[in-house]
Amino acid sequence: MTTARSGAEAPARWRAFACGLVLLAICMLAASAGAWVPHLSSLFSADLTPDPDARLPAPTRYSFRGIHTTLMRGVEAPLRVKLEATVPAELGDVLAFYRTELGKLGWQEQHDGAVVSADHVQLAFASPLGPATLELGRNDSSTSVHLVQKNADTATRANVMPEPGQAKLVFSNIGETEAVLGIDARIIKRPAGANAVSLDLAPGKYSYELGVPGRPAHTNILTVAAGDAWELTVGRDGEAWSPLQLY
């Protein structure tokens, strides 16, 4: 009988047997991993497949994904839905995925103002619910995704639909004292408990002040585009909230 010692070479038939055991163990491990992680094959596949559980089209392969919805009290359907994701794939592959999947949903790509380059994509769409945008960016070995869909019917019902070529700004005060907004050479005062008020703005960049009497005003800059609706709010404690895009 031959005994294999440290530094000695085992007979060929034993080496073949040992290799067979190692190969069997690898096969068993792969099979077990496939059973434990059902989507393992899709994670390493070059193809991007749609996730049937995603609220907006998204591939099953991602390293980060989040969904954000903007709701208006008394209206069930959201004003705006935004998908943010990081996909470990080439930008061209992600762009092809979205053009295919959005086309299946009846989204029509708008070519005016489209930007398509090796590391950045910005496209506008007309979706069945309303206007939508897709922005892709290259980030190391992944592609960032920002997909936004607006609901025109909800915006109309909530009275925040901008006039054509304009943006709409909603000013809300839920505090216990009067709140004051200064923007576009206008001063708007809202007493405690009053309903929100809206104003139309031309597309552009605006400096504004927001606050309550007796406290330092909060100053910031708001950039609005045609078709956007934003909200500025003073909270219950008198603090100015960050601008919120409604539509």
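We now turn to the structure provided with this report. Small disclaimer: the values here were computed from a predicted structure and weren't measured.

With antiparallel pairing, the four strands of this open sheet are ordered in space as β9-β8-β11-β12. Across the chains shown, the open sheet's two edge strands, defined by having one partner strand only, are β9 (186-190) and β12 (218-224). Each strand of the sheet is rotated relative to its neighbour by a mean of 25°, with strand direction disregarded. As judged from the five bridges shared by strand β8 (residues 179-183) and β9, these two strands associate in the antiparallel manner. Looking across to β9, one finds that G182 is bridged to I187.

With that settled, the discussion passes to the sheet that holds strand β5 (residues 131-139). The strand order across the open sheet built from six strands is β1-β2-β6-β5-β4-β3, with neighbouring strands paired in antiparallel fashion. One side of each edge strand has no neighbouring strand; the edge strands of this open sheet are β1 (64-72) and β3 (108-116). Strand-to-strand, the axes of this sheet are offset by a mean angle of 15°, without reference to chain direction. Note that β5 and strand β6 (residues 142-150) share eight bridges and pair antiparallel. For G137, the partnering residue across the bridge sits in β6 and is S144.

One turn of the α-helix equals 3.6 residues, which is why residues spaced by three or four share an orientation. The first and last C-alpha atoms of helix α3 (residues 91-104) sit 20 Å apart over 14 residues, in line with the 20 Å expected at 1.5 Å per residue. All of the buried residues along α3 are L91, V94, L95, F97, Y98, E101 and L102. End-on view of α3: buried residues confined to an arc of 160°, all on one side of the axis. Of the surrounding secondary structure, the elements contacted by the buried residues of α3 are β2 (75-87), β3, β4 (120-126), β5 and β6.

On to the nonpolar core, then. Inside soluble globular proteins, nonpolar side chains tend to come together where they are buried. Core analysis: the largest hydrophobic core is formed by 24 residues, its most contacted members being V94, Y98, L136, V145 and L147. Elements with a contribution of two residues or more to this core: β2, α3, β4, β5 and β6. Ranked by the residues each element gives to this core, the list is headed by α3, at six residues. The contacts of V94, once residues within four sequence positions are left out, are L48, V87, A89, L136, T143 and V145. The next biggest cluster of nonpolar side chains, apart from the first, holds 18 residues, and it includes I183, L210, V224 and V234.

Position of Q149 relative to the elements: it lies in strand β6. A polar contact is formed between the side chain of Q149 and the side chain of S127, at a distance of 2.9 Å.

A few words now on the pattern of salt bridges. All told, the structure shown has ten salt bridges when counted by the stated rule. Close ionic contact of D184 with R186 constitutes a salt bridge, the shortest N to O distance being 3.0 Å. Since its relative accessible area comes to 32%, R186 is described here as partly exposed. The salt bridge involving E239 is made with R215; its shortest N-O contact spans 2.3 Å.

Further remarks concern the pairing of β4. What you see with β4 is a clean split: V121, L123 and F125 sit on the buried side and H120, Q122, A124 and A126 on the side with no burial. Direction of pairing for β3 relative to β4: antiparallel, over a ladder of five bridges. In the sheet register, Q108 faces β4, and the bridge partner there is A126. Linkage of β3 to β4, two consecutive antiparallel strands, is achieved through a turn of three residues. Examined bridge by bridge, β4 and β5 share seven bridges and lie antiparallel to one another. Note on β5: the bridge partner recorded for H120 is G137. Between β4 and β5, which pair antiparallel in sequence order, lie four residues.

Per the counting criterion, the structure on display carries two aromatic pairs. When the centroid spacing of 5.0 Å and the interplanar angle of 90° are considered together, the rings of F97 and Y98 count as edge-to-face. Ring centres 6.0 Å apart and planes at 65° place the aromatic pair W107 and F125 in the edge-to-face group. Of this pair, W107 sits in the loop between α3 and β3 while F125 sits in strand β4, placing them 18 residues apart in sequence. Taking relative accessible area as the criterion, W107 reaches 7% and is therefore assigned buried. Exposure remark for F125: the relative accessible area of 5% places this residue in the buried category. Residue placement shows K150 over the ring face of Y247; its charged tip is 5.0 Å from the ring centre.

Here is what the cut-offs are and how they apply
Residues numbered from 1 in each chain as written. Predicted model: local features only at pLDDT ≥ 70, side-chain atom pairs only at ≥ 80, totals over all residues. Heavy atoms only, no water. Pairing = 2+ DSSP bridges. Helix = DSSP H or I, 4+ residues; strand = E, 2+ residues; numbered from the N terminus. Axes fitted to C-alpha atoms, helices over the stretch in contact; angles between N-to-C directions. Expected span 1.5 Å × (residues − 1). Buried < 20%, exposed > 50% of the residue type's maximum accessible area, 1.4 Å probe, protein only. Arc of directions from axis to C-beta. Contact = heavy atoms within 4.5 Å. Core = buried A, V, L, I, M, F, W, Y, C linked by side-chain atoms within 4.5 Å. Polar contact = N/O pair within 3.5 Å; in protein donor to acceptor, adjacent residues only side chain to side chain. Salt bridge = Lys/Arg side-chain N within 4 Å of Asp/Glu carboxyl O. Phe/Tyr/Trp six-rings, centres within 6.5 Å; stacked < 30°, edge-to-face > 60°. Lys NZ or Arg CZ within 6 Å of the ring centre and 35° of its normal.

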